[in-house]
Structure formats: structure tokens, C-alpha cells
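# An overview of the molecular structure
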Amino acid sequence: MVRVELTCAAIRLMPVWVCVMAYCPNGEWPTRLQALVRVMDYGFSVEAFKRRPVVLLTHMFVHANDSHLFGNLSALTATLIEFGGSSVMENVEEESVWVSLRRALGSFVVIVAGSIVGGIGGQLLYNDAQLARRHKRWPLLSGVKEGANGGALDGVFRRVRSWVDQMSYKIDRKRTDGIFMCGASAGIFSLAGFNVAYYERWGTALPMVLPELAAVICSLLDSLEKLPNTAWLPAGEVVGHAAHLGGFIAGACMGLAWRGLSGVYSNKRAKRPKAKEL
């Protein structure tokens, strides 16, 4: 029979409570409009970061709607249960408040670091890649043939093409930089990556990462002919698949680094000479 110490379980799930409190800071469940207003106030975008650098931290605790929140909380709970201890069952039955507090703080570090470095970094890299692909060639006048001798009319067309291409890129860049990122999903993926690399636990990682990896690969391999048809859309996406994948990679790197440091520390302790008994 599984025994759960409620106090320790509540401490271990501290990141969950933080997300809930951030979603309803006044003690009242927000409307959809109120939730979106908070995203605009505390979510991350390149433009918002220039005005308020604190959004680098606040964006991971605000959510756009109820389904966004509950989806992230369910995944966050599963990854928190996997985090720490020699087994998942040991985590569930943990009775030490100090151990639970230590693991809660450790999970916070992984979530925050992975969300900032991997989540935001991965999504910005993806956006830049899509912008580069979209503006590699100018779609509207690509069919205009240049004159054989490169006459005056040909020079005018080239100048107009260059100017419109630059303006199109600047507008697209401005819209892309204005996309808001919010939610704890990148941090959750980071925690899943840490669990894989350090604890070798794939329970939550596989069903989360494989669809995200497929989505990113498909979007990057999508034919260039389809890009002009979506020119009215920013280069980013509504769902940050690249942010999720970046968070997972960042968490896995942290797990491997911590595993290496733990191994070095263990070896030093093993080689330390024991005190002689008197």
C-alpha cells in the first residue's frame, strides 16, 4: 500500500501552486480576457523584454486560458513526481520535509534555467530560421525576368525589389518580435530532460518530446512554396514547439552536467583516506 505524506507532497508540488497563484493572484478565477491581459503584462516577447526585463522570469508562470493551465499542471505534476530519489515510489512516499524542500528548490532551478535558456533561446532560434527561409527570395516579383543587357528598366526593378524585400523583412521581424510567450511548458520539458539524463526516467519525456520533435522537423522541412501563402503570419508559431524542444535539451544538458559533477564528488570521497582507529 502506498503511503503519502501530504505535507511533503505539497512541498514537492510547490511549482504547481506557484502557477495556480499566478493565474488567480486576487483569489478569484480569472476570465479569459483577464488571463490574456496578464499574458500581455507578464508574458515574454522581444519587444516586452526591451521595456521590462523582468518578463524573462514572469512569463513562465502566466497562462493564456484554463486549458493551457490545466494541461501544463498535469504534465508538471508528473515530471515533479519523477524528479529526485532512487525511484518514483520513493518520491511518492517521501516523509522528510527537508528532503522534499530540497527537491522542490532543485526542480525550481531546473524549470527556471531551462525555460530561459532552452525555451526562449530555442524559440528565438527557430523564429530566426523561419525568417531566413521566408525572405530568402522575393516571392511577388520572382517571375519578373531581367533584361538581357541589364538596361535602365532592369535596374529600376532591382531597386524596387530590394526595397520591398527589406521592408517586408522588417515588418515580419517586428511582428515576430511582438509574439508573446507564456506558460511553464518549456520548464516542464526541461525537468523531463533532466529526469532522462540524470535519473534515466523516460516515463513523461517520451510522450511529450516525440510529438514536439516531429512538429519542429516538419515545419523546418516544409516546402518554401508554402511560405509565401502564409506571409501574413509571423515567423513564430502559436504553440512554441521549438521552445519545448529547447527546454528539453537544456534540461538534459543540466542533468548530464550534474551527473558528471556528482560522479567526480563521489570519486573524491571514495579516495579520501579513512581515519585510523585509536
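Residues numbered from 1 in each chain as written. Predicted model: local features only at pLDDT ≥ 70, side-chain atom pairs only at ≥ 80, totals over all residues. Heavy atoms only, no water.

## Focus on the overall build of the protein chain
Condition: Each helix corresponds to a stretch of at least 4 residues labelled H or I by DSSP, and each strand to a stretch of at least 2 residues labelled E; elements are numbered beginning at the N terminus. For each residue, the accessible area found with a 1.4 Å probe, counting protein chains only, is set against the maximum for its type, and the residue is called buried under 20%, exposed over 50%, and partly exposed in between. In what follows, residue pairs with any heavy atoms lying within 4.5 Å of each other are defined as contacts. What sets the accessible areas is the Shrake-Rupley method with a 1.4 Å probe; for residues, cover comes only from the shown protein chains.
Within the protein chain, the secondary structure is distributed over 12 helices and 0 strands. The helix and strand sequence of the protein chain, counted from the amino end, reads α-α-α-α-α-α-α-α-α-α-α-α. Here the protein chain holds 278 residues, and 39% of them are scored as buried. At a minimum sequence separation of 6, the contacts of the protein chain that also span at least 24 residues come to 81%. For the protein chain, the exposed area adds up to about 16300 Å²; of that, 66% sits on carbon and sulfur atoms.

## Regarding the nonpolar core
Inclusion rule: The definition of a nonpolar core used throughout is a set of buried Ala, Val, Leu, Ile, Met, Phe, Trp, Tyr and Cys residues joined through side-chain atoms within 4.5 Å.
Core analysis: the largest hydrophobic core is formed by 28 residues, its most contacted members being Cys19, Leu76, Ile188, Leu191, Met208 and Phe248. Ranked by the residues each element gives to this core, the list is headed by helix α10 (residues 185–199), at 6 residues. Aside from chain neighbours lying at most four places away, what touches Cys19 is Phe61, His63, Leu69, Leu73, Leu76 and Ala184. Counting residues in hydrophobic clusters, the runner-up holds 6 residues, among them Phe44, Ala48, Val55 and Ala243.

## Some thoughts on the packing of helix α8 (residues 97–134) against helix α11 (residues 205–221)
For clarity, the cut-off: Comment: axis = line fitted to C-alpha atoms, over the contacting stretch for helices; angle = value between 0 and 180 degrees taken between N-to-C directions. Roughly parallel means an angle under 35 degrees; roughly antiparallel means over 145; roughly perpendicular covers 65 to 115; every other angle is labelled oblique. Note: crossing handedness is left-handed where the near helix turns anticlockwise from the far helix by less than a right angle, and right-handed where it turns clockwise. Here the nonpolar group is Ala, Val, Leu, Ile, Met, Phe, Trp, Tyr, Cys and Pro; Asp, Glu, Lys and Arg are the charged ones; every other residue, Gly included, is treated as polar.
It is at 10 Å that the axes of α8 and α11 come closest, and there the two elements cross at 20 degrees. In terms of orientation, α8 and α11 fall into the roughly parallel class. Regarding α8 and α11, the two cross each other, and that crossing is left-handed. Between α8, through Tyr126, Ala129, Gln130 and Arg133, and α11, the contact on the second element is made entirely by Ser219, Leu220 and Leu221. Of the residues contributing to the contact of α8 with α11, the split by class is 4 nonpolar, 2 polar and 1 charged.

## What about the environment of Trp98?
Secondary-structure assignment places Trp98 in helix α8. Given the relative accessible area of 57%, Trp98 is considered exposed. Taking C-alpha positions, Trp98 is 9.6 Å from Ile11, a pair spaced 87 residues apart along the chain.

## Regarding the UniProt feature "transmembrane region" (unreviewed entry) in the protein chain
Note the threshold: UniProt positions are given in the numbering used here, feature names are shortened, and annotations may be inferred rather than shown by experiment.
In the numbering adopted here, UniProt assigns the feature "transmembrane region" (unreviewed entry) to residues 104–126, 178–199 and 242–261. Taken end to end, residues 178–199 is 68% helix and 0% strand, and its two terminal C-alpha atoms sit 38 Å from one another. Annotated as residues 242–261, this span is 100% helix and 0% strand, and its ends, taken at the C-alpha atoms, are 28 Å apart.

## Examining the environment of Asn72
As for its position among the elements, Asn72 is in helix α6 (residues 66–82). Expressed as a C-alpha distance, the spacing of Asn72 and Val16, which sit 56 residues apart in the sequence, is 9.1 Å. Once residues lying within four places of it in the same chain are set aside, the contact partners of Asn72 are His63, Gly183, Ala184, Ser185 and Ile188.

## Some details on the layout of surface pockets
Short version of the rule: Think of a 1 Å grid over the protein atoms and nothing else: a 1.4 Å probe that fits but is trapped marks a cavity, an open set flanked by protein within 12 Å on at least five of seven lines marks a pocket, and residues with an atom within 4 Å of a point count as lining. Grid points are joined across faces, edges and corners, and a volume is the space filled by probe spheres set on the points.
Its volume calculated, the second largest pocket comes out at about 410 Å³. Phe83, Gly106, Phe194, Tyr199 and Trp258 are, among the 13 residues lining the second largest pocket, the residues nearest its centre. Where the lining of the second largest pocket is concerned, the elements lending two or more residues are α8, α10 and α12 (241–271). In the lining of the second largest pocket, the residues fall into 8 nonpolar, 3 polar and 2 charged.

## Considerations on unusual backbone geometry
Phi is positive for Glu200, close to 60 degrees, though the residue is something other than glycine. Summarising the element assignment, Glu200 is placed in the loop between α10 and α11. Here Glu200 falls in the exposed class, since its relative accessible area comes to 51%.

## A short note on helix α9 (residues 152–177)
To keep it simple, the criterion reads: Expected span of a helix, by definition, is 1.5 Å for each gap between consecutive residues, and there is one gap fewer than residues.
Given a rise of 1.5 Å per residue, 26 residues ought to cover 38 Å, and the 38 Å separating the end C-alpha atoms of α9 matches this to within 8%. Residues of α9 that are buried include every one of Asp154, Gly155, Asp172, Thr176 and Asp177, and no others. Considering only its buried residues, α9 is in contact with α4 (46–51) and α8.

## Quick word on the pattern of salt bridges
To keep things clear, this is the line we draw: Here a salt bridge means any side-chain nitrogen of Lys or Arg lying within 4 Å of a carboxyl oxygen belonging to Asp or Glu.
For the coordinates displayed, the defined rule picks out 8 salt bridges. With a closest N to O distance of 3.9 Å, Glu47 and Lys50 form a salt bridge. Of the two residues, Glu47 and Lys50 are both situated in helix α4; the distance of 3 residues between them amounts to about one turn of the helix. Ionic pairing is found between Lys174 and Glu47, a salt bridge with its closest N-O pair at 3.6 Å. Taken together, the residues Lys174 in helix α9 and Glu47 in helix α4 connect sequence positions 127 residues apart. Under the relative-accessibility criterion, Glu47 is labelled buried at 19%.

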